[in-house]
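Examination of the molecular architecture
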Amino acid sequence: MAKTKKMIDDLKTVCANYGLGNASSEYKIITEVFLYKFLNDKFLYEVKLADTQLNSFTTIGELEQHLSQMRDMDYMMLLASLPPTIARLKKEHFISYLFNRKYDDEMKRSDGKPYQFYELFDDTLIDIANSNIGVFSVKTGGEEKIRLFDSPSQYIIEINKKSDFCRALIDKIVGFSFEEAFAQKYDFFAVVFEYLIKDYNKDFGKYAEYYTPHVIANIIARIMVPDGAQNVTVYDPAAGTGTLVLSLAHEIGEDNCTIYTQDISQKSNEFLRLNLILNNLVHSLGNVVHDDTLLYPRHLNRQKNGLMKYNYIVSNPPFNMDFSDNRDTLTGEKYKERFWVGVPNVPNKDKSGMAIYLMFLQHIIYSLDEKGKAAIVVPTGFLTAGTGIQKKIREHLVKERMLRGVISMPSNIFATTSTNVSILFIDKENNDGKVVLMDASKKGRKVKGDGKNQKTVLRPEEINDIIDTFNSAKPVDDFCVVVDYLDIESKKLSFSAGQYFDVKIEYVEMKHEEFTEKMSGFTKRLESLFAEGRELEVEIKKGLEGLLYEKY
C-alpha cells in the first residue's frame, strides 16, 4: 500500500513541477497514467497465469523483453488465451518499450520527419484506448463511446517541455509493480482509489461529484445483502465515483451482479470507470452512461419500450440543486408516471435550494422491480417533514408497504457537509414485516477533517452494532425501535426513531456524579431534537417561500 501511495504522490509531484498542480487537467493525467501502469501490469500478471512457463521471469523488465522477442503468431495465440476483461497490449505498448526510447533522438515518422518522445507517449496511450475501445469505453447518452485515454502532453503548452514531462512520468512508473497487489481484494483497491482521488473530488458541481464515505457504503451493503445474492442487477442513478455500487457488488460477489449507472458529471464517470477496472468489474463498463438521469434516463428494458427495473438500487443523490431550467419540462406529461408525486417549486430567492433529491427518490422507487430493494442517503429533515412532496413520498412507502427501515446517522459523518443525513431502506417484499427505526446520531467520535470542518468517525464496534441490531430487528432503548405500518400512520407518518422511544421513569438510587451525567445525556438528546426541529423549520420556510400565487 505504501509503495502504491508513493507512486501516486510521485506522479503528483511531476505535475506540480511542470506547473499543473491543482490545474483542472491534473486529475486526468494522474488517473490515466496510473491506469496505464495498472493495465500494463495486469496484462503481464494474466499472461503468466495463461502460460505458467512465464513464471520463471521474476521482473517486469525480463518478462516484457521475452514477450517482445516472441514470434508474432505465438504472441497472438497468447493474447487469445487471456480473459476478455484484460486489455490487449501490443509489444510496443509496454512501459519498458517507452522507457528504452525516452532519449532516442533517431526516431522518425513514416515521412522522415523527427518523431519526438512525447508523440510516442501520446500515440501509445491513444492506440491502447482505440485497440480496447470495445471493452473499456463508457458511453454518452447518445451512444458515443468515451475512450480510455487522451494525450497527456497536450496540457503542457511549451513544445520543448513536452518530452521532458513524459519522461518524468515514465520514470515514476517504470520501477513500480502492481503484481503483489493483484492478490489483494476490494478493501485494498478501495483504499487506493480513495487516496488517488482525494484531491480531485472537492469541487462539487452539478448533480454529482459527491463522494460517499466508505463506512456508509459498507453499512448499506451489509444491511442490504446479509446473505448474499445471485445474478442480480445493481443500479445507481447518481453514481458519482461509484463507492456505493462497488461496495454492494463486493458484498454480493463481483461475478454475481451486473452494475448499471448514470451520472451527469464527466469527471465522476471517469473516476467510476477507474474504480470498476480496479475492482474486477470490467464487464459492467458498457453500462456506465454519462447523461442527465432525470431528463434522459438511458437504461431501457429488453423490449425498449420502458425503463429498466432493478433488483438493487443504492444512491447518495445531491440534496439541493438549481434545476429551475428543467423544472417545467419535468412537470410535463412525459414525466408524470415517473415523478408521480410532483416536482419541487422554484424558490423566489435561492434557486440552489431546490430539493432535487426528491426527484431522484421518486425515480428510484419507480425503477425498482417487483421484489426490489433500495438504500438512499437523504437529509434527516425528510423523515419528519409535515407537508409537501416529502410527506407524500413517505405516505406512498407506508401505503404500499415497502419500507424496511431508517438509520439516522451522526452529524458530520460527511466531512464536506453539516447537513444531518439518514439512510432510507426500501424493500418491496416487506409487505407485512416490521419496520426498523434507528437513531445512531449519538455514536462516533469527533475528529478534525480537511480545513475547518469537523468529522464524525464511527468505531468498528459501533459499525457492527448498527448493522447487527438493524438486521436482527432488535429493539434497544434510545437506539433502535421496531414498529409496524399502523404505528407509523398513528405518528403522522414520522420516520424518526426518537418519536417512538418509550419515555421511562426510573426510580434508582444514584450518586451526584451519576445524576449529573444522566442529566447531561438528557440535555444532549434534547438539543439534538431541537436541532432537528430547527432544520425542519428552515425546510418548511423554504417550501413556503417557493409557493407562487397563480391566477386562473
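Small disclaimer: the values here were computed from a predicted structure and weren't measured. Once a new chain begins, its residue numbering starts again from 1 and follows that chain's sequence as written. Given that the model is predicted, a residue must reach a pLDDT of at least 70 before its local features are reported, and side-chain atom pairs must reach 80 or more before they are shown or counted; all residues, however, enter totals for whole chains, interfaces and linings. Heavy atoms throughout the structure, all of them, feed into the side-chain values; hydrogens and water do not.

**Notes on the sheet that holds strand β9 (residues 421–427)**
Spatial ordering of the open sheet is given by β2-β1-β5-β4-β3-β6-β7-β9-β8-β10-β13, a layout of 11 strands whose pairing is mixed. For this open sheet the edge positions go to β2 (145–146) and β13 (480–483), each flanked by a neighbour on one side alone. Note on pairing: DSSP must find at least two bridges between two strands before they are called paired. Helix and strand labels come from DSSP, where a helix needs a run of H or I of at least four residues and a strand needs a run of E of at least two; each type is numbered from the N terminus. Judged from the three bridges that link them, strand β4 (residues 257–263) and strand β5 (residues 288–290) form a sheet pairing that is parallel. Residue pairing across strands places D263 opposite H290, the latter belonging to β5. Any two residues having at least one pair of non-hydrogen atoms within 4.5 Å are treated as being in contact. Angles shown run from 0 to 180 degrees and are taken between the N-to-C directions of axes, each axis being a line fitted to C-alpha atoms and, for helices, limited to the stretch in contact. Sheet strands touched by helix α14 (residues 357–367): β3 (232–236), β6 (310–315), β7 (368–379) and β9. Its angle to β7, the strand with the most contacts, is close to 160 degrees.

**Considerations on the packing of aromatic side chains**
Put simply, two rings from Phe, Tyr or Trp (the six-membered ring, in Trp's case) pair if the centres are within 6.5 Å, and we call them stacked under 30 degrees between planes, edge-to-face over 60, tilted for the rest. For the structure on display, the rule yields 10 aromatic pairs. Between F319 and Y357 the ring centres are 5.9 Å apart and the planes differ by 65 degrees, which places this aromatic pair in the edge-to-face class. Placement of F319 in the loop between β6 and α13 (324–330) and of Y357 in helix α14 is noted, with a sequence separation of 38 residues between them. The buried label goes to any residue with under 20% of its type's maximum accessible area, the exposed label to any with over 50%, and the partly exposed label to all in between, with areas taken from a 1.4 Å probe on protein chains only. Owing to a relative accessible area of 14%, F319 belongs among the buried residues under this scheme. One aromatic cluster is present, built from ring pairs that chain together Y235, Y260 and Y310. When the ring centre of Y366 is taken as reference, the NZ or CZ atom of K309 above it lies at 3.7 Å. Think of it as a cone above the ring: NZ of Lys or CZ of Arg counts as a charge over the ring if it is within 6 Å of the ring centre and within 35 degrees of the ring normal. Of note, K491 hangs over the ring of Y500, and the distance from its end group to the ring centre comes to 6.0 Å.

**Here's the deal with the nonpolar core**
Put simply, buried Ala, Val, Leu, Ile, Met, Phe, Trp, Tyr and Cys residues joined by side-chain atoms within 4.5 Å make one nonpolar core. Core analysis: the largest hydrophobic core is formed by 151 residues, its most contacted members being F43, L67, I220, F382, I407, L424 and F495. Sort the elements by how many residues they give to this core and helix α2 (residues 26–50) lands first, with 12 residues. Judged by nonpolar contacts, the second largest core, of 14 residues, contains Y335, F339, V343 and M359.

**Description of the confidence of the model for the chain**
pLDDT measures the predictor's confidence residue by residue and takes values from 0 up to 100. Mean pLDDT for the chain: 86, with 92% of residues reaching 70 or above. Highest mean pLDDT in the chain belongs to α14 (97); lowest belongs to helix α9 (residues 186–197) (69). In this model, residues 203–209 is a region of pLDDT below 50 whose contacts with residues beyond four sequence positions or in other chains number 27 contacts.

**Section: the pairing of strand β10 (residues 435–439)**
The element β10 is largely enclosed, with a buried count of five among its five residues. Of the two faces of β10, the one lined by V435, L437 and D439 and the one lined by V436 and M438 are each fully buried. The pairing of strand β8 (residues 403–408) with β10 spans four bridges and is parallel. Opposite V406, over in β10, you have L437 as the bridge partner. In the sheet, β10 pairs with β13 via four bridges, with the strands oriented antiparallel. Across the sheet, the residue bridging to L437 is V481, located in β13.

**Notes on the environment of I86**
With respect to the helices and strands, I86 occurs in the loop between α4 (72–80) and α5 (95–99). Through-space distance from the C-alpha of I86 to that of K334 is 41 Å; in sequence the pair is 248 residues apart. If sequence neighbours within four positions are ignored, I86 has contacts with K42, F43, E46 and F136.

**Here we look at the packing of helix α6 (residues 117–131) against helix α8 (residues 159–174)**
The interhelical angle for the contact between α6 and α8, taken along N-to-C directions, is 55 degrees, at an axis separation of 8 Å. Classified by the interaxial angle, the pair formed by α6 and α8 is oblique. The handedness of the crossing between α6 and α8 comes out as left-handed. Where α6 abuts α8, its residues F117, Y118 and F121 lie against I159, K162, S163, C166, R167, L169 and I170. Geometric relationships in this document are graded by angle, where less than 35 degrees denotes roughly parallel, more than 145 denotes roughly antiparallel, 65 to 115 denotes roughly perpendicular, and other angles denote oblique. Crossings are sorted by hand: turned counterclockwise from the far helix by less than a right angle, the near helix makes the crossing left-handed, and turned clockwise it makes it right-handed.

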